[in-house]
Amino acid sequence: MAELTEEEYDALDEYYTKNPPKINPLKKGTGYYTKRKAALSVTVDSLSASYLLSKAMATHKTPAEIVRELVQKELALAI
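What you see is a predicted model; the values in this text were computed from it and never measured. (Residues numbered from 1 in each chain as written. Predicted model: local features only at pLDDT ≥ 70, side-chain atom pairs only at ≥ 80, totals over all residues. Heavy atoms only, no water.)

Moving on: a negative patch on the surface. Together, E6, E7, E8, D10 and D13 give the surface a local cluster of negative charge. Structurally, E7 can be placed in helix α1 (residues 6-18). With relative accessibility at 60%, the residue E7 sits in the exposed group. (Patch = residues over 30% accessible without salt bridge, like charges linked within 9 Å, V, L, I, M, F, W, Y side chains within 5 Å. Areas by Shrake-Rupley, 256 points an atom, 1.4 Å probe, with all protein chains shown as cover. Salt bridge = Lys/Arg side-chain N within 4 Å of Asp/Glu carboxyl O. Lys, Arg positive; Asp, Glu negative; His and termini not counted. Charge placed at Lys NZ, Arg CZ, Asp CG, Glu CD. Helix = DSSP H or I, 4+ residues; strand = E, 2+ residues; numbered from the N terminus. Buried < 20%, exposed > 50% of the residue type's maximum accessible area, 1.4 Å probe, protein only.)

For the rest of this paragraph, the subject is the pattern of salt bridges. Under the counting rule described, the total for this entry stands at two salt bridges. Two residues, E14 and K18, come together in a salt bridge whose shortest N-O distance is 3.0 Å. Taken as a pair, E14 and K18 lie in helix α1 at a separation of four residues, close to a single helical turn. Taking the relative accessible area as the measure of exposure, E14 reaches 45% and is therefore partly exposed. Classification of K18 as exposed rests on a relative accessible area of 59%. E69 is the partner of K61 in a salt bridge, and the nearest nitrogen-oxygen pair spans 2.5 Å.

Attention now goes to the packing of aromatic side chains. Evaluated as defined, the whole model comprises one aromatic pair. With a centroid separation of 5.0 Å and 85° between ring planes, the pair formed by Y15 and Y16 is classed as edge-to-face. (Phe/Tyr/Trp six-rings, centres within 6.5 Å; stacked < 30°, edge-to-face > 60°.)

In structure tokens form, the structure reads like this:
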């Protein structure tokens, strides 16, 4: 990615100072990143959380890695 020159930076700064982006506060949670985050958040019960944390500590992996392995095993069995 190319660096901005001082002139380009000043021009962008002036433009966005005079023309701020329009934001609609009624559209909370409709953006790409909010939807992506919501799709990736998973809630588990306390027993599952305890299992994941214990297994992660024992194997020196993250809980996400443990979940990924479990899902891969399930998918392999389904095929």
